[in-house]
Amino acid sequence: MDTDMDMGAEAVVTVGSYLGREAVIKTRPRKGYRHPDLDTSLRTHRTKNEARTMRDARNAGVRTPVIYDVDYHEGRIVMERISGRKVRDIIEDDPGSARDVCMKIGEAVAKLHDSRICHGDLTTSNMILTDSGELCLFDFSLGGVKCGIEEMGVDIHLLERAFSSAHSGSFELFDVIMESYRSNKRNSEEVLKRVEIIKGRARYT
């Protein structure tokens, strides 16, 4: 993760250290407009969900930042700082590496879905190619476990929309992602049929 600080709608991300190691600290700040008890409950729930989803993704064989510490009451996750390049930049600036990276994306998403895990915000800005050549996924804020076909279809649909928006000049590479997904995901056609249904619904809403 290559920025010192990032302000999002829900969380603040800063770079720091943990027991002598470089770390990323993601904190969900208190919201003064919410009732204090509701605010604490929401921040605790969302922090637990993100930490659990990251843990399960890692157990499924997908590279994610190692979690060093979690403070549910403060809504804080302290995790490994990943050294590498954002996939968004590779696809835009390094076409020689883009195809291989897209194959890795398809494989990683297939592993998530085979373990009934959804990321919830699959964009190339939430992926880093580490210095050792691994694809690392992060920001599981909208993710979840025990996902069904509908949630997996939404994952793919959102990935396609995000890819089209961010990489309109290289959209043919999305086919590489899907090729890899089909090769690695059990019963992938069931998910991809649902994607088409979701697209159909979106056209009429």
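In this report, we go over the structure that sits alongside the text. (Residues numbered from 1 in each chain as written. Predicted model: local features only at pLDDT ≥ 70, side-chain atom pairs only at ≥ 80, totals over all residues. Heavy atoms only, no water.)

### Quick look at the pattern of salt bridges
Part 1 of the reasoning: By the definition in use, this model includes 24 salt bridges.
Part 2 of the reasoning: Close ionic contact of Arg55 with Asp56 constitutes a salt bridge, the shortest N to O distance being 3.0 Å.
Part 3 of the reasoning: A single network of salt bridges, built from pairs that share partners, joins Glu10, Lys26, Arg28, Arg46, Glu50 and Asp139. (Salt bridge = Lys/Arg side-chain N within 4 Å of Asp/Glu carboxyl O.)

### Quick look at unusual backbone geometry
Part 1 of the reasoning: Phi at Lys146 is positive, roughly 60°, even though this residue is not glycine.
Part 2 of the reasoning: Inspection of the secondary structure puts Lys146 in the loop between strand S10 (144–145) and helix H4 (149–166).
Part 3 of the reasoning: Unlike most non-glycine residues, Asn187 shows phi in positive territory, near 50°.
Part 4 of the reasoning: Judged by relative accessible area, Asn187 falls into the exposed class, the value being 59%. (Helix = DSSP H or I, 4+ residues; strand = E, 2+ residues; numbered from the N terminus. Buried < 20%, exposed > 50% of the residue type's maximum accessible area, 1.4 Å probe, protein only.)

### A closer look at the nonpolar core
Part 1 of the reasoning: By size, the foremost hydrophobic cluster in this structure holds 41 residues, and its most contacted members are Ile105, Met127, Leu137, Ile156, Ile177 and Tyr181.
Part 2 of the reasoning: Top element by residues in this core is helix H3 (residues 95–114). It accounts for eight residues.
Part 3 of the reasoning: Once residues within four sequence positions are removed from consideration, Leu137 is found in contact with Val62, Arg63, Thr64, Pro65, Ala108, Leu112, His119, Leu122, Asn126 and Met127. (Core = buried A, V, L, I, M, F, W, Y, C linked by side-chain atoms within 4.5 Å. Contact = heavy atoms within 4.5 Å.)

### Observations concerning helix H5 (residues 173–184)
Part 1 of the reasoning: The terminal C-alpha atoms of H5 lie 17 Å apart, and with twelve residues this matches the ideal 16 Å at 1.5 Å per residue to within 8%.
Part 2 of the reasoning: Of all the residues in H5, the buried ones are Leu173, Phe174, Val176, Ile177, Met178, Ser180 and Tyr181. (Expected span 1.5 Å × (residues − 1).)

### Remarks on the environment of Asp121
Part 1 of the reasoning: Relative to the helices and strands, Asp121 resides in the loop between strand S7 (117–118) and strand S8 (127–130).
Part 2 of the reasoning: Given the relative accessible area of 29%, Asp121 is considered partly exposed.
Part 3 of the reasoning: Along the chain, Asp121 and Asp131 lie ten residues apart, while their C-alpha atoms are 23 Å from each other.

### With respect to the pairing of strand S3 (residues 21–27)
Part 1 of the reasoning: The element S3 is extensively covered by neighbouring structure, given that five of its seven residues are classed as buried.
Part 2 of the reasoning: Bridging between strand S2 (residues 12–18) and S3 involves seven bridges; their strand directions are antiparallel. Note on S3: the bridge partner recorded for Thr14 is Ile25.
Part 3 of the reasoning: Counting the residues between successive antiparallel strands, the hairpin from S2 to S3 contains two residues, one of them, Leu19, with a positive phi of roughly 50°.
Part 4 of the reasoning: Summarising the sheet, S3 and strand S5 (residues 76–80) pair through five bridges and their orientation is antiparallel. Paired with Thr27 across the bridge in S5 is Arg76. (Pairing = 2+ DSSP bridges.)

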